[in-house]
Amino acid sequence: MAVKKFVVGSFDDEAVLFPAVKKVRAAGYKIHDVYTPFPVHGLDHALGLRETSLHTAGFIYGITGTTTALSFMSWVFTTDWPMNIGGKPHFPLPAFIPITFELTVLFAAVGMVMTFMYLCQMAPFVKKHIFHPRQTDDLFVMAIELTDKTPATDVKAFLDSVGAKEINEQTVEAGWWLGRFDREDKLFIKPAPAVNA
């Protein structure tokens, strides 16, 4: 996994964080992420994030559920087990509506939850680096990724000028890995060199 360097600034007020995000972006620094204890209205636009496509995925999953229900029931009643009971049609659409509705909701709900978990990289035993232990308790934490063109001292000075209370530099593995937070896990362990006897 790639090891990256970040400068992490902590803010204790939403009113200070919001203009700081705009100033950091205007200065050209790359914001990795901002962690807040509660949703901050308009922060996604200030960070330059596009609107989510989760509703489009939900529509696709719902249509898949509808198609699955209607296809399966029509196949069962017209091909696999056709029964002529009292002259009723083989494709009684009004009778199919409850099952179609249930499968539409089931596919959409389960699909959207799984898509959300994938996009947010959340799953059992998926471990990500925590930049500050209070980042979702009572502090607003901004992580700025360092590149070759952004020296850490300049970023620290800039964060101090925009109102950050705590500023530090961290070197972490970017991304996520399988592990647990109650013990120290390493994804890759280098094997010991072979000793020739």
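Cut-offs and rules
- The residue numbers shown here count from 1 along each chain, following its written sequence.
- The model is predicted, so local features are restricted to residues of pLDDT at least 70 and side-chain atom pairs to those at 80 or more, both for listing and for counting; the totals for chains, interfaces and linings are taken over all residues.
- Calculation of side-chain values draws on the structure's entire complement of heavy atoms; hydrogens and water are dropped beforehand.
- Orientation is described by axes fitted as lines to C-alpha atoms, over the contacting stretch for helices, and by angles from 0 to 180 degrees between their N-to-C directions.
- Helix and strand assignments follow DSSP, with helices taken as H or I runs no shorter than four residues and strands as E runs no shorter than two, numbered in order from the N terminus.
- Here a crossing is taken to be left-handed if its near helix is turned anticlockwise relative to the far helix by less than a right angle, and right-handed if that turn runs clockwise.
- Under the scheme applied here, ten amino acids are nonpolar (Ala, Val, Leu, Ile, Met, Phe, Trp, Tyr, Cys and Pro), four are charged (Asp, Glu, Lys and Arg), and all others, including Gly, are polar.
- What counts as a ring pair is set by centres within 6.5 Å for rings of Phe, Tyr and Trp (its six-membered ring), and what kind of pair is set by the plane angle: stacked under 30 degrees, edge-to-face over 60, tilted for all other angles.
- We call a residue buried when its accessible area falls under 20% of the maximum for its residue type, exposed when it is over 50%, and partly exposed in between, using a 1.4 Å probe and counting protein chains only.
- Side-chain atoms within 4.5 Å link the members of a nonpolar core, which is a set of buried Ala, Val, Leu, Ile, Met, Phe, Trp, Tyr and Cys residues.
- The contact definition used throughout considers only heavy atoms, calling two residues in contact when any of these lie within 4.5 Å.
- Pairing between strands is defined by DSSP: at least two bridges between the two strands are required.

Trainee: Would you explain the packing of helix α3 (residues 54-80) against helix α4 (residues 93-119) in this entry?
Mentor: The N-to-C vectors of α3 and α4 enclose an angle of 145°; their axes lie 7 Å apart at closest approach. As for the relative orientation of α3 and α4, their crossing is right-handed in sense. By residue class, the composition of the contact of α3 with α4 is 15 nonpolar, eleven polar and no charged.

Trainee: Help me understand the packing of aromatic side chains, please; the structure alone is not making it clear to me.
Mentor: In this description, a pair of aromatic rings is defined by centroid distance and the angle of the planes. Counted under the stated rule, the structure contains six aromatic pairs. Ring geometry for Phe72 versus Trp75: centroids 6.1 Å apart, planes at 40°, classification tilted. Here the residue Phe72 and the residue Trp75 both occupy positions in helix α3, the gap between them amounting to three residues, near one helical turn. In this structure Trp75 comes out as partly exposed when scored by relative accessible area, which is 43%.

Trainee: How should I be thinking about the nonpolar core in this particular structure?
Mentor: Here is a general trend for soluble globular proteins: nonpolar side chains tend to be buried in one another's company. With 22 residues, the main nonpolar core has Phe11, Leu17, Val21, Val34, Met142 and Leu159 as its most contacted residues. If one sorts the elements of this core by residue count, helix α1 (residues 14-27) sits on top with four residues. The contacts of Phe11, once residues within four sequence positions are left out, are Val16, Leu17, Ala20, Leu139, Phe140, Met142, Leu159, Val162, Gly163 and Ala164. The next biggest cluster of nonpolar side chains, apart from the first, holds eight residues, and it includes Phe6, Tyr35, Val141 and Ala143.

Trainee: How do you make sense of the sheet that holds strand β1 (residues 3-11) when you look at a structure like this?
Mentor: In sheet architecture, strand pairing relies on hydrogen bonds along the backbone and comes in two forms, parallel and antiparallel. Read across the open sheet, the four strands follow the order β2-β4-β1-β5; overall the sheet is antiparallel. Since the sheet does not close on itself, it has two edges, and those belong to β2 (30-35) and β5 (166-173), each with one partner. The mean inter-strand angle of the sheet, taken between neighbouring strand axes irrespective of direction, is 25°. Two strands pair when backbone bridges link them, and β2 and strand β4 (residues 140-145) are joined in this way by five bridges, in the antiparallel orientation. By the bridge assignment, Ile31 is partnered in β4 with Ile144.

Trainee: Looking at this structure, I do not really get the pairing of β4. What am I missing?
Mentor: In summary, the side chains of a regular strand alternate between the two faces of the sheet. Burial within β4 is extensive, with six of its six residues counted as buried. Here β4 shows two buried faces, one formed by Phe140, Met142 and Ile144 and the other by Val141, Ala143 and Glu145. In this sheet, β4 lies alongside β1 in antiparallel orientation, the contact comprising six bridges. From the neighbouring strand, Val8 faces β4, where its bridge partner is Ala143.

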